[in-house]
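Survey of secondary and tertiary structure
Here's the letter readout for the chains.
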Amino acid sequence: MKDVKETPMSDVTDMSKFSSAPPTPYVGGDSDSQPLNKQTSVELIDEAALAACGYKQEFKREFSLFSTFSVSFSVLGILPSVASTLSYSLGYSGTAGISWGWLIAWLGIQAVATSMAELSSSMPTSGGLYYCVGVLAPPKWAPFLAYLTGWSNWLGLVSGSPSVNYGNAAMISALLTLNDPNYVATNAKTFGITVALTFLCFLCAAMPTKYVAKLNSYGTFLQMAGLIMVMIGLLAGTKNEPKFQSNKFVWGTITNQTDWPNGISILMSFLTAIWTMSGYDAPFHLSEECSNSQIATPRAIVATSAMGGFFGWILCLIISYTITDIDSILSSDLGQPFIAVLDNVLTTKVALAFGAITVVCGIMCAQGCAISASRLAFAYARDGLLPASAVVAHVNEQTRTPVNACIFNFIIQVLMLCLIFAGPVAIGAIFSIGAIGAYFAFTLPVFLRCFFAGDRWRPGPWQLGRWSLPCGYLASGYVALMIPILCMPAVKGADLDPTSMNWTIVVWGGPLFLAAIFFGLHARKTYTGPKINIEHLRFPDGTDYTVEQLREQKRNDISVTVQPAEP
């Protein structure tokens with residue numbers, strides 16, 4: 001690789017060198033070399049940035065900033081995500097939890113997203129947060145913390161597609177009941193619908209990258225159109241008199257249906273915002289397929305969180321102003337609160353139409369989750385973290401995508417969906433798994449960067465400057481508060497039994513506990529953290545960098561970039 005050289009990180013962090021007009025590189029080190037075009041320059045910069053992290057290019061970089069944003073926005077799925085978790089926010093604190101409560105939750109979420117974006121610019125790998133922990137943690141603890149981060153992040157992401165599709169199946173059953181009151185939804189029917197939708201998402205994730213990018217680009221327009229259509233329809237088509245609730249009802253009424261004080265119930269209602277906004281890390285896991293990834297990836301993360309938070313809040317406000325009776329919505333025979341909201345506010349035919357639109361948007365959301373989870377599984381298997389890693393990490397030669405990782409995830413997802421037969425409380429835990437598993441992994445590298453990284457931290461071309469540490473402190477404190485809150489049941493004392501227990505701590509904490517034991521007994525002897533799979537690199541000065549030296553080089557303020565043309 002004679003087209004690369006050593007460059008101090010201070011040069012790499014110069015934004016101008018990664019602007020829309022990157023420096024024109026030469027191939028080779030002699031003066032007769034011809035400059036490459038702009039597109040090739042970006043490709044070499046991307047490949048060199050990935051090489052600096054210790055990995056070789058294996059995917060085609062066919063994602064742009066917009067298509068990367070499209071996948072992550074699809075993963076958010078504002079309309080179906082709010083629809084699937086509305087029972088928690090309304091059930092915990094009523095309209096207060098989704099009006100001003102959403103704003104508070106969004107503030108903490110945006111701090112996490114912005115801090116994550118800074119990490120993605122520094123270390124643009126599919127391993128994402130797991131790789132960052134391996135670099136930023138104290139060397140003695142790095143393998144163990146990276147191991148736990150990988151498992152938590154994977155658990156959060158792999159539960160995304162089945163949880164969204166479970167919500168889709170519940171909405172489909174509610175729509176069938178709304179159309180035909182004689183229809184009876186059973187666990188077996190719900191399971192069948194959910195598995196079928198999850199299989200469809202598996203097929204989408206396994207497609208060639210260019211088709212995945214196109215599907216999600218179109219899907220973003222579909223999601224936005226569906227969201228706007230439903231929001232306008234709820235405002236314009238309400239059949240109730242008066243048409244809208246008072247400001248006091250929306251902003252000043254806490255309908256606390258838990259056994260906890262009002263403040264705790266508001267915090268518990270943050271689940272809707274946190275779970276809805278738990279997919280903006282998708283660009284991080286697509287960074288090895290994204291062009292100009294050190295700039296495009298962080299921009300996509302921040303844009304997804306900002307736009308998702310805003311449109312989610314507007315949707316929640318519209319729901320708050322148009323519903324009439326929270327108790328009747330939560331106890332509706334339809335069994336799905338959002339469909340009950342549509343039936344409460346709109347005529348039956350319009351409610352059926354808008355419900356169908358929500359389900360279609362939900363399927364787009366679920367396939368986005370499947371794409372992100374498959375890339376994450378590939379990255380972890382590449383480093384030997386998952387069972388049968390050598391098989392899971394294989395890249396299909398025809399599609400150039402991680403098909404085996406898609407298959408592995410699908411098998412795990414079907415096993416998760418068996419919780420449907422254990423009842424609604426048990427299967428409901430997969431929503432909290434997605435929120436807690438994701439945000440634990442989102443924030444641990446931010447926490448390490450703020451308190452322990454020291455000179456191991458090297459910012460990329462997209463950075464927060466003086467706001468980096470304050471933003472990281474806010475993100476760390478927010479998640480430290482919310483993880484125990486999201487594990488709390490709605491009832492306590494004599495009312496608490498297995499049917500009302502919040503099983504999140506078992507379903508998420510159990511696998512992590514087992515992973516920690518396995519690490520102590522066996523994996524610590526064989527697993528040393530994120531691996532480097534480039535045997536060596538040779539730079540223009542003739543120096544060979546072995547795997548071990550390249551690791552040390554990353555820590556010693558050296559980055560690999562494309563050699564610019566002579567002036």
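The structure displayed is predicted, hence computed values, not measured ones.

**Concerning the overall build of the chain**
The helix and strand tally for the chain stands at 24 helices and four strands. Counting all 567 residues of the chain, 60% fall into the buried class. Nonlocal contacts in the chain, meaning residues at least 24 apart in sequence, comprise 82% of its contacts between residues at least 6 apart.

**Quick look at the environment of Ala356**
Within the fold, Ala356 resides in helix α18 (residues 348-382). The partly exposed category is assigned to Ala356, whose relative accessible area is 37%. Taking the C-alpha atoms as reference, Ala356 lies 9.7 Å from Asn168; in sequence the two are 188 residues apart.

**Some thoughts on the nonpolar core**
Ranked by size, the top nonpolar core spans 169 residues in total, and within it Trp154, Tyr280 and Tyr439 carry the most contacts. Residues contacting Tyr280, with those up to four places away along its chain left out, are Ser72, Leu76, Ile109, Val112, Ala113, Met116, Ile301, Thr304, Ser305, Tyr439 and Phe442.

**Focus: the packing of aromatic side chains**
This model, assessed by the stated rule, comprises 22 aromatic pairs. Here Phe199 and Phe410 contribute two aromatic rings whose centre-to-centre distance is 5.6 Å and whose plane-to-plane angle is 65 degrees, an arrangement assigned as edge-to-face. Here Phe199 is found in helix α9 (residues 187-205), whereas its partner Phe410 is found in helix α20 (residues 403-417), with 211 residues between them in sequence. Taking the relative accessible area as the measure of exposure, Phe199 reaches 39% and is therefore partly exposed. Looking at Phe410, the relative accessible area reads 16%, which means it is buried.

**Here we look at the packing of helix α4 (residues 78-93) against helix α10 (residues 209-237)**
Interaxial distance between α4 and α10 falls to 8 Å at its minimum, and their mutual angle equals 55 degrees. Our classification of the angle between α4 and α10 gives oblique. Residue-level inspection shows Ile78, Leu79 and Pro80 of α4 in contact with α10, the latter providing Gln223, Gly226, Leu227 and Val230. Taken together, the residues that form the contact of α4 with α10 break down as five nonpolar, two polar and no charged.

**Concerning the pattern of salt bridges**
This model, assessed by the stated rule, comprises two salt bridges. Measuring nitrogen to oxygen at the nearest pair gives 2.9 Å for the salt bridge that ties Arg382 to Glu288. With a gap of 94 residues between them, Arg382 in helix α18 and Glu288 in the loop between α14 (282-285) and α15 (293-322) connect regions that are remote in the sequence. Residue class for Arg382 comes out buried when judged on its relative accessible area of 13%. Its relative accessible area of 0% is what places Glu288 among the buried residues.

**Points about α4**
If you look at α4, its biggest bend is around 55 degrees, right at Thr85. Among the 16 residues in α4, 15 count as buried, and that is most of the element. Gly94, located one to two residues past α4, shows a positive phi value of around 70 degrees.

**Observations regarding a nonpolar patch on the surface**
The grouping of Phe447, Phe451, Phe452, Leu469 and Tyr473 at the surface amounts to a nonpolar patch, some 460 Å² of accessible area in total. Within the secondary structure, Phe452 sits in the loop between α21 (424-451) and α22 (468-486).

**Notes on unusual backbone geometry**
The omega torsion across Glu241 and Pro242 is -5 degrees, close enough to zero to call that bond cis. Tracing the backbone through its elements, the reader meets Pro242 in the loop between α10 and α11 (247-252). Even without being a glycine, Ala388 presents a positive backbone phi close to 55 degrees. You can see Ala388 is positioned in the loop between α18 and α19 (389-392).

**Some thoughts on the packing of helix α7 (residues 142-158) against helix α8 (residues 160-179)**
Close contact between α7 and α8 brings their axes to 4 Å; oriented N to C, the two are set at 25 degrees. Relative to α8, α7 is oriented roughly parallel. Of α8, the residues touching α7 (which contributes Gly156, Leu157 and Val158) are Gly160, Ser161 and Pro162. In terms of residue class, the contact of α7 with α8 is built from three nonpolar, three polar and no charged.

**Here we look at the side chain of Thr322**
Mapped onto the fold, Thr322 is located in helix α15. A distance of 2.7 Å separates a polar side-chain atom of Thr322 from the backbone oxygen of Ile318. The residues touching Thr322, leaving out its near neighbours within four places in the chain, are Leu234, Asn240, Lys243, Phe244, Asn344 and Val345.

**Re the state of the cysteines**
The final tally for this structure, using the stated rule, is zero disulfides. Distance from the sulfur of Cys450, which forms no disulfide, to the nearest cysteine sulfur (Cys471) is 8.4 Å. According to the relative accessible area criterion, Cys450 is buried, its value standing at 12%.

**Observations concerning the side chain of Ser265**
Relative to the elements of secondary structure, Ser265 occurs in helix α12 (residues 262-268). Its relative accessible area of 0% is what places Ser265 among the buried residues. Those residues within four positions of Ser265 in sequence are excluded, and the remaining contacts are Tyr92, Ser93, Ile254, Asn256 and Thr258.

Reading the values: the criteria
- Residues numbered from 1 in each chain as written.
- Predicted model: local features only at pLDDT ≥ 70, side-chain atom pairs only at ≥ 80, totals over all residues.
- Heavy atoms only, no water.
- Helix = DSSP H or I, 4+ residues; strand = E, 2+ residues; numbered from the N terminus.
- Buried < 20%, exposed > 50% of the residue type's maximum accessible area, 1.4 Å probe, protein only.
- Contact = heavy atoms within 4.5 Å.
- Core = buried A, V, L, I, M, F, W, Y, C linked by side-chain atoms within 4.5 Å.
- Phe/Tyr/Trp six-rings, centres within 6.5 Å; stacked < 30°, edge-to-face > 60°.
- Axes fitted to C-alpha atoms, helices over the stretch in contact; angles between N-to-C directions.
- Parallel < 35°, antiparallel > 145°, perpendicular 65-115°, else oblique.
- Nonpolar A, V, L, I, M, F, W, Y, C, P; charged D, E, K, R; others polar.
- Salt bridge = Lys/Arg side-chain N within 4 Å of Asp/Glu carboxyl O.
- Bend = angle between axes of the 7 residues up to and from the residue.
- Patch = residues over 30% accessible without salt bridge, like charges linked within 9 Å, V, L, I, M, F, W, Y side chains within 5 Å.
- Areas by Shrake-Rupley, 256 points an atom, 1.4 Å probe, with all protein chains shown as cover.
- Polar contact = N/O pair within 3.5 Å; in protein donor to acceptor, adjacent residues only side chain to side chain.
- Disulfide = S-S within 2.5 Å.

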